[in-house]
Every structure is written in C-alpha cells, then in structure tokens.
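Spelled out, the chains give:
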Amino acid sequence: MSAPIVRVTGLKKYFGRLEVLKGINLDVQSREVVCLIGRSGSGKSTMLRCINFLEEPSEGEIEIHGLKIPAGGKGKEHQKLVHEARLLTGMVFQDFNLFPHMSILENVMEAPVIVKGMDRAKAKEIAEMNLARVGMLFKKDEYPNRISGGQKQRVAIARALAMQPMVMLFDEPTSALDPELIGEVLEVMKGLAKEGTTMLVVTHEMGFAREVADRIIVMNEGQLIEEGTPKEILDHPKQKQTQALLDRYRSADK
Amino acid sequence: MEIFRKKQADGSLSHVELLYQLQQRKQMQFRANVAISWIFLLLILYVLFSGDSLGLGAIQLDTDFIKENFTFIAQGVGDTLYISFLSIVLAIILALLAALGRLSTFPPFYALSTFYVSLMRGTPLYLQIFFFFLALPQIIPWWAQVPGLWAGVLALGMNYGAYMSETFRAGISSVGKGQREAAIALGMTNGQMMRRIVLPQALRFAIPPMGNDFIAMTKDSAMVAATGFVHELMWRATRVGRTNLRNLEALIMAAFFYWIMTLILTAIQSRIEARLGKGDR
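The residue count restarts for each chain, going from 1 along the sequence in the order it is written. Chains carry letters from A onward and ligands carry numbers from 1 onward, assigned in written order. It should be noted that, the model being predicted, local features are given only for residues of pLDDT at least 70 and side-chain atom pairs only at 80 or more, the latter also being counted only at that level, while totals for whole chains, interfaces and linings use all residues. With hydrogens and water stripped out, all remaining heavy atoms of the structure feed into the side-chain values.

What follows deals with the overall build of chain B. When you go through chain B residue by residue, the secondary structure sums to eleven helices and zero strands. Comment: elements are numbered from the N terminus, with helices defined as DSSP H or I runs of at least four residues and strands as E runs of at least two. The secondary structure elements of chain B, listed N-terminal to C-terminal, are α-α-α-α-α-α-α-α-α-α-α. Only protein chains enter the accessibility calculation, which uses a 1.4 Å probe. A residue is then buried if its area is under 20% of the maximum for its type, exposed if over 50%, and partly exposed in between. The 281 residues of chain B split such that 37% are buried. The method behind every accessible area is Shrake-Rupley, applied with a 1.4 Å probe, and residues are considered shielded solely by the protein chains displayed. Carbon and sulfur atoms provide 67% of the accessible area of chain B, an area that totals close to 16,700 Å².

This paragraph deals with the interface of chain A and chain B. Whether two residues are in contact is decided by their heavy atoms: any pair within 4.5 Å suffices. In this assembly, 24 residues from chain A lie in contact with 20 residues from chain B. Across the interface of chain A and chain B, roughly 1,900 Å² is buried in total on both sides, 59% from carbon and sulfur atoms. Here the quantity called buried area is the accessible surface, traced with a 1.4 Å probe, that two parts lose on coming together, added over both. On the chain A side of the interface with chain B, the three residues burying the most area are A:Phe99, A:His101 and A:Ile114, jointly 28% of the side's total. The term salt bridge refers to a side-chain nitrogen of Lys or Arg lying within 4 Å of a carboxyl oxygen of Asp or Glu. The tally of links from chain A across to chain B stands at two salt bridges.

What follows concerns the packing of aromatic side chains. Centre distance within 6.5 Å is the pairing criterion for rings of Phe, Tyr and Trp, where only the six-membered ring of Trp is used; planes under 30 degrees apart are then read as stacked, over 60 as edge-to-face, and the remainder as tilted. Counting across every chain of the model gives four aromatic pairs over all chains. Ring geometry for B:Phe131 against B:Phe132: centres 5.7 Å apart, planes inclined by 80°, an arrangement best described as edge-to-face. Where B:Phe256 meets B:Phe257, the ring centres are 5.5 Å apart and the plane angle is 70°; that geometry is what we call edge-to-face. Look at B:Phe256 and you get partly exposed, because its relative accessible area is 43%. Under the relative-accessibility criterion, B:Phe257 is labelled buried at 10%. One aromatic cluster in this structure is built from B:Phe70, B:Phe256 and B:Phe257. Distance and angle both matter: a charge sits over a ring if NZ of Lys or CZ of Arg is within 6 Å of the ring centre and within 35 degrees of the ring normal. Positioned above the aromatic ring of A:Phe99, the side-chain terminus of A:Arg159 is 4.5 Å from the ring centre. Here the guanidinium or amino end of B:Arg236 rests over the ring plane of B:Phe72, the centre of that ring lying 4.8 Å away.

Okay, the sheet that holds strand E6 (residues 89-92) of chain A next. All names here are of chain A. By definition, two strands form a pair when at least two bridges between them are found by DSSP. One open sheet holds the six strands; their spatial order is E6-E7-E8-E3-E9-E10, and the pairing between them is mixed. In the strand order of this sheet, the two ends are held by E6 and strand E10 (223-228), each with one partner. Between one strand axis and the next, the sheet turns through 20° on average, direction left out of account. Two elements, E6 and strand E7 (residues 167-171), share four bridges in a ladder whose sense is parallel. When the bridges of E7 are listed, Val92 appears paired with Phe170. Lines fitted to C-alpha atoms define the axes here, with helix axes fitted over just the stretch in contact, and angles between the N-to-C directions of these axes take values from 0 to 180 degrees.

Another point: the domain arrangement of chain B. Here the limits of each domain have been adopted from an automatic or database domain assignment. Split by domain assignment, chain B resolves into domain 1 (2-49) and domain 2 (72-276). The gap between the C-alpha centroids of domain 1 of chain B and domain 2 of chain B is 39 Å.

Put into structure tokens, the structure is as follows:
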C-alpha cells in the first residue's frame, strides 16, 4: 500500500489533567472515506482538530502527505510546519463559520487570494467551479445570512475545497442542521466521495456511514476500540460499547 | 410584500391588507404628532429668547449685535469641524492600537495599553488640553509657535481614543471563536485573520458608537478655545461677547451653530446605520 495521506501516531491530548485522547494510531489512505463514530465526549472532534492543529497535540506525531509534525513543537520552525499542514487539510465545521461580511463568492475566494496569493481572476474561476460542485453557484452574490443552514454548509465545503487540500476533515457537518436540511449536505459529501476525495468524517449519520464509508472507526473514551468495513461494524460489532452505541442510534431513529 | 398587494376577487381589500394599512396609518399619525410637538417646543424656545420684538420674551437679546457678528462666529464652524475630524482620526487609530494591546498576551504591550487608557480616563479633558499646550513646546522646541490647534487635536484624540478603545475591544471580542478557527484552518496567519476576518466585523459593530463619539467630540472641541490660539466657534463667540459685553448673545449664537451641526451629523449617522443594517448581520 502506498503512503497514507494522514497518519496519526501515538496521539495523546490532555486538557489540564484530563486525558482526552489516550494514544491514538490511525491511517487514512488516499481516496479513502473514513467515518469516525462514538458517543459525544469520546474525543472524536478533539482528534480531528489535532490533525490540523486547531488543538495542539500533547504527545505523538501527526503526518500529512509525508509532512511529519511531532507534538509539543515550539518556535518558528514548528509554526511553519503547522501552516503547511493546514494548507494540506480542508476543514468543515459543525456551525459553518462562513464569513458574514463577505458574499458567498468572496467567502470561497478569500483563502486562495489571501493565503496562496492567487490572482483574483484565477481564484474566481476556482471558486465558481467549487460552488458549482456543491450546487451553490446560483447564490454566489448573496450574503451568508440570506441562505439556509444546509446551503451555508455546502458553501463552507466549497470554501475548504477551493484550497485544493489533500484531505477533507468534517467535524459533525450536519449536527447543527434542521432534519430536513441534512440530506442536501450529505448528498454533496457523497458526490465528493464518488469523485475520490480523501475524507475523514466525524458523524452521527449511520445511514451515510453505511453507504459512503470505506472504513468505520469507533471511538470510546479517547481510544479507538474497533474498526472495519461498514458491514462489519454496523451489522456485526465485536465490542459491547459499539453495540451499545448502535442501539442508542437505533432507538433514537424510532 | 406581495401578500399585501393582492386584491381579493371582488376587488375589495383583504384582511391582511386592511391590518397593514391600519398599522401604517397609526405610525404616520405618531410621526406627525411628534413633529407638531417639536415645532411647539421650538416656538417656546423662540418666545423665551425673542426679547423686545414680541414683548413677551423673558430674556432680552441685542439683535443688532447678533446680526453684526453672525458671519464672524459662523466662520468658526469650519475650524470646529476640522479639529473634530483630525481628532477622531487620531482617536480611531489610538483606540484600535489600545484595543489590540488590551487583547494582547505580550505583557509590555498590554501594560502600555492599560496605562494609556487609565491615564487619559483618569484626568479631565480640559486639563489635558492645557497640558499638551504647555508641554509640547518644551518637548519639541521647534514647535513653540504651532501648538494651539495641535495641542487640542492631540488631547482630544488621545482622550477619545482611550474611551473608544473599549468600544473596539467589545467589537473584536464580539467576533466569535468559530470565525477565527475557520480563518486559521484555511491557513491564514494571525495577522491575516485579524485584518481580513476579525477587524472588518469588529468595525461594523463599532461604527454606530463611533458616530456618537464624533458628535460628542464636535462639542468637546469647544474646550480647545481655552488655549486662546484656535479660532473655532467657541473662541469666536467668547471673543466678540467679551469685547462688546454681549456674552449671552454670543453664546446663544454658538449654541445655535453647535446644535445645527449636531442635527446634520445625526442625520448622516442614521443614514450610515441604516445602510449597515441592510448588510449582512
């Protein structure tokens, strides 16, 4: 197998004395879709946020597309590595975080122009292409407060894609949405998966995980307790915590 | 709005449309009543100061003096606005720096910011104007001839900057953590995040209170007259008032100009606010 896009080795994270991540090892291969499930508070989001250093890891190493960044680094050199890692990852947040003072198009153009120094014409072209990919080109001149939550999230996905990252990180992208708006966002994500986008998705949407994931990883109390294909995990879980988690989802669905 | 326009099949007004019209009529009536009351209050003020001409006035004013000196005092409006404008520009720059200092984790910068704000808020503006007037020529010897206006601008700018830094700080803090994280995740540096994402949103938040500060400043600029070297409204009023022993007339005229200026600035301010409100909040 070729080198992974994301490799997490021995990742630990402490908040004060609380050990939130207890030594995590994880690989995500190119073009792979990995769904991360687990109860709230199990450390899924923290792990995702450690990958692009929104949370500074306490121990271990993050490797993205061959770029190795050990935990606990300090100084200019470390900052530079972190910056490069962020350019290789695209992040989609639970609550969208679109920039309210910019139009939809400007939201998507902003980082290519400001961070990469791309000229505006080229950035506009890329922005429009990515807006079209998520079906939001028709709203490009609107401002974020004029569109629905589902539409906001689709724009946020386009904004991340416009930086042409090696891997997309999704942090519960549908958890803040009204139920009737979840579908459109999941559709966009399915489309990305089909195009071969490498994705690491923290989610509670079991239907999505079953349909799209190549691999599901179950997290519990800061550890990865089980992983496998959707069939293995969802239909024949080995761990009793996984079974309990799935039962919880099923009863919530009823 | 379409719903209000839709006529019913028989041409009569729909229930919704009737309600809408009723509300509009009520609002117009309210505005008309307010306007009438304003005119009445202005009339009282006029009668109070009308002097001999109506035979009712409580306060006797020398109308000839007013006519003679009207242009002389009016010429101060320009300087008053000029001082206020320079001062507010200085205040905005200082307020921004002080707000950033206040949010900084670098101790000397934080200390400088809190020290400046504390000092400027802890002493009277009137005193500060004199202080700069007296101190500047000693600090910068070749400036001995200049200071009147600049002492005033420095004092006003630094004083208002200290107060406005709180507004800016609130504006910067009002921009959520999610906005910063989104910017950082996209690869922006702290500086880029501040310039492109946080400050534009903070400024939008700070513009209405800044308008208030500017309006307040046009009147506080009257204190600059105290140094005796800036020929703005207040200086001109006191000067002609004193030489002709018509202090009350002169001050009323200055008050008139200040009020008119404030009315105009308030109108401009509400227009700007209306435009901001339409935006994207």
